[in-house]
Amino acid sequence: MQSLARDADRLLKFHFMNHASYTQDVLASYGAKNLDRLSSVAEKVDPKKMFQNLQNDGFLLRKL
């Protein structure tokens, strides 16, 4: 699908998390500015990183 979209000049750099494959770098597609904001918010609401450490898998900030 990605190659077809690229060939048609319709490829989006942003990956929607619910539709992404585990091989795609979803969080990186959000851009550095948004990742900084996500990290800042995560630090404020979960300073002990409980969610990041207890969540089994997925597109997690701790994997950046």
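Small disclaimer: the values here were computed from a predicted structure and weren't measured.

What the largest pocket holds in volume is close to 200 Å³. Along the walls of the largest pocket sit Gln-2, Ala-5, Arg-10, Leu-11, Leu-12, Phe-14, His-15, Phe-16, His-19, Ala-20 and Gln-24, which together make up its complete lining. When grouped by side-chain class, the residues that make up the lining of the largest pocket number six nonpolar, four polar and one charged. Empty space within the second largest pocket amounts to approximately 160 Å³.

Here we take up the confidence of the model for the chain. Interpretation of the predicted coordinates at a detailed level should be avoided for regions scoring low in pLDDT. Mean pLDDT over the chain stands at 91; residues scoring 70 or higher make up 100%. Of all secondary-structure elements in the chain, the lowest mean pLDDT belongs to helix H1 (residues 2–7), at 90, while helix H2 (residues 32–45) reaches the highest, 96.

So, about the pattern of salt bridges. For the coordinates displayed, the defined rule picks out two salt bridges. Lys-49 is the salt-bridge partner of Glu-43, the closest N and O atoms lying 2.9 Å from each other. Lys-63 is the partner of Asp-57 in a salt bridge, and the nearest nitrogen-oxygen pair spans 2.3 Å.

About the criteria used
Residues numbered from 1 in each chain as written. Predicted model: local features only at pLDDT ≥ 70, side-chain atom pairs only at ≥ 80, totals over all residues. Heavy atoms only, no water. 1 Å grid on protein atoms, 1.4 Å probe; cavity = no way out; pocket = protein on both sides within 12 Å on 5 of 7 lines; lining within 4 Å. Points joined across faces, edges and corners; volume = space filled by probe spheres on them. Nonpolar A, V, L, I, M, F, W, Y, C, P; charged D, E, K, R; others polar. pLDDT = per-residue confidence, 0-100. Helix = DSSP H or I, 4+ residues; strand = E, 2+ residues; numbered from the N terminus. Salt bridge = Lys/Arg side-chain N within 4 Å of Asp/Glu carboxyl O.

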